[in-house]
Amino acid sequence: MELFNGFADFQLDVLKEVGNIGAGHAATALSRLLDKPVDMLVPKVRMVEFEEIADSVGGAERVVIAIFLRVEGETPGNLFFILSLESAKKLLRNLVGIEVVDDEHYTDMELSALSEIGNILAGSYLSSLADFTQLYMSPTVPALAIDMAGAILSYGLIQFGQMGDHALLIDTKFLDGNDEIEGHFFLIPDPESFNKIFIALGVQGP
């Protein structure tokens, strides 16, 4: 990960702070949508190489649910929110009150609820990053897929064109009582977009 080895800790700390603020905004937005308290734990934020994304969610052949969209504006890129099937079931049951009966065939209501939650999360994190960097970022309408993680990432690559070599990974956890629900949020800027983000943060890379 040569691109990031020369970056100051300050830059990564700022991205972690963006993740924290985004999580707070997302929890507030979900609370309003669902009319119930939603707690989100402080997220873990790190950089991963593109090839590591599938490994981060259990491997390329693991079936997952992904909400993905294109980020447009001054720093274009791609964004994925990936959940395991078990986490998706917990999310729907604990937050929305929907009991998933069939893992392989989700109803339109279940898919719509997952898509809306992913959309709120994406908007919250992008808004936080845009506020910090003062760069214009706008999400497209999200799409949802249930497939193997590797297939979803390959489809995203075909659908959206060239992707950068690295991703900002934000591991998000919702808390309902003692029950944790984990999701993985990947921002994959286009090749030149990370540099623009870091320049906007005030510290340029090597």
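Note that the coordinates shown come from a computational prediction; the quantities given were computed from them, not determined experimentally. Residue positions are given per chain, counting from 1 as you read along its sequence in written order. Whole-chain, interface and lining totals are the exception, using all residues; otherwise, since this is a predicted model, local features are given only for residues with pLDDT of at least 70 and side-chain atom pairs are given and counted only at 80 or more. Each side-chain value is derived from all of the structure's non-hydrogen atoms; neither hydrogens nor water enter the calculation.

What follows deals with a nonpolar patch on the surface. Patch membership needs two things, relative accessible area over 30% and no salt bridge, and members are linked within 9 Å if like-charged or within 5 Å if nonpolar (Val, Leu, Ile, Met, Phe, Trp, Tyr). Residue exposure ignores everything except the shown protein chains as possible cover, and the areas themselves are Shrake-Rupley values with a 1.4 Å probe. Definition used for salt bridges: Asp or Glu carboxyl oxygen within 4 Å of a side-chain nitrogen of Lys or Arg. A surface patch of nonpolar side chains, about 210 Å² in accessible area, is lined by Val-63, Ile-146 and Met-148. Within the secondary structure layout, Met-148 lies in strand E6 (residues 143-148). The class of Met-148 is partly exposed, set by a relative accessible area of 35%. Secondary structure is summarised from DSSP: a helix means a run of H or I of at least four residues, a strand means a run of E of at least two, and numbering begins at the N terminus for each. Burial classification: accessible surface area is computed with a 1.4 Å probe over protein chains only, and a residue below 20% of its type maximum counts as buried, one above 50% as exposed, and the rest as partly exposed.

This paragraph deals with the confidence of the model for the chain. What pLDDT reports is the predictor's confidence in each residue, on a scale of 0 through 100. Confidence in the prediction for the chain averages 81 pLDDT; 88% of positions are at 70 or higher. Confidence drops under a pLDDT of 50 for residues 1-6, and excluding neighbours within four residues, the segment shows 13 contacts in the predicted structure. Residue contacts follow a heavy-atom distance rule, with two residues in contact if any of their heavy atoms lie within 4.5 Å.

According to the stated counting rule, one finds three salt bridges in the structure shown. Between Glu-99 and Arg-93 there is a salt bridge, and its shortest N-O distance comes to 3.7 Å. The partly exposed category is assigned to Arg-93, whose relative accessible area is 32%. Linking Lys-173 and Glu-180 is a salt bridge whose minimum nitrogen-to-oxygen distance equals 3.3 Å.

Note that Asp-35 resides in the loop between helix H2 (9-34) and strand E1 (39-40). With relative accessibility at 70%, the residue Asp-35 sits in the exposed group. Along the backbone, Asp-35 and Leu-95 are 60 residues apart, and their C-alpha atoms lie at a distance of 9.9 Å.

On to the environment of Glu-51, then. Positionally, Glu-51 belongs in the loop between strand E2 (44-49) and helix H3 (53-56). For Glu-51, a relative accessible area of 58% translates into the label exposed.

What follows concerns the nonpolar core. Nine residue types can take part in a nonpolar core, namely buried Ala, Val, Leu, Ile, Met, Phe, Trp, Tyr and Cys, and a core is a set of them joined through side-chain atoms within 4.5 Å. Core analysis: the biggest nonpolar cluster contains 46 residues, and Met-40, Leu-79, Leu-91, Leu-114, Leu-121, Leu-168 and Phe-174 have the highest contact counts within it. With nine residues, the top contributor of residues to this core is helix H5 (residues 108-133). If near-sequence neighbours (up to four positions away) are discounted, Leu-121 is found in contact with Ala-26, Met-40, Phe-81, Phe-174 and Phe-185. Grouped together as the second largest cluster of nonpolar side chains are 18 residues, Ile-53, Ala-149, Ala-167 and Ile-188 included.

With respect to the secondary-structure elements, Ser-115 resides in helix H5. When sequence neighbours within four positions are dropped, the list of residues in contact with Ser-115 reads Ile-67, Pro-142 and Leu-144.

A few words on the environment of Asp-165. Following the sequence through the fold, Asp-165 ends up in the loop between helix H6 (149-160) and strand E7 (166-176). Residue classification places Asp-165 among the exposed residues on the basis of a relative accessible area of 58%.

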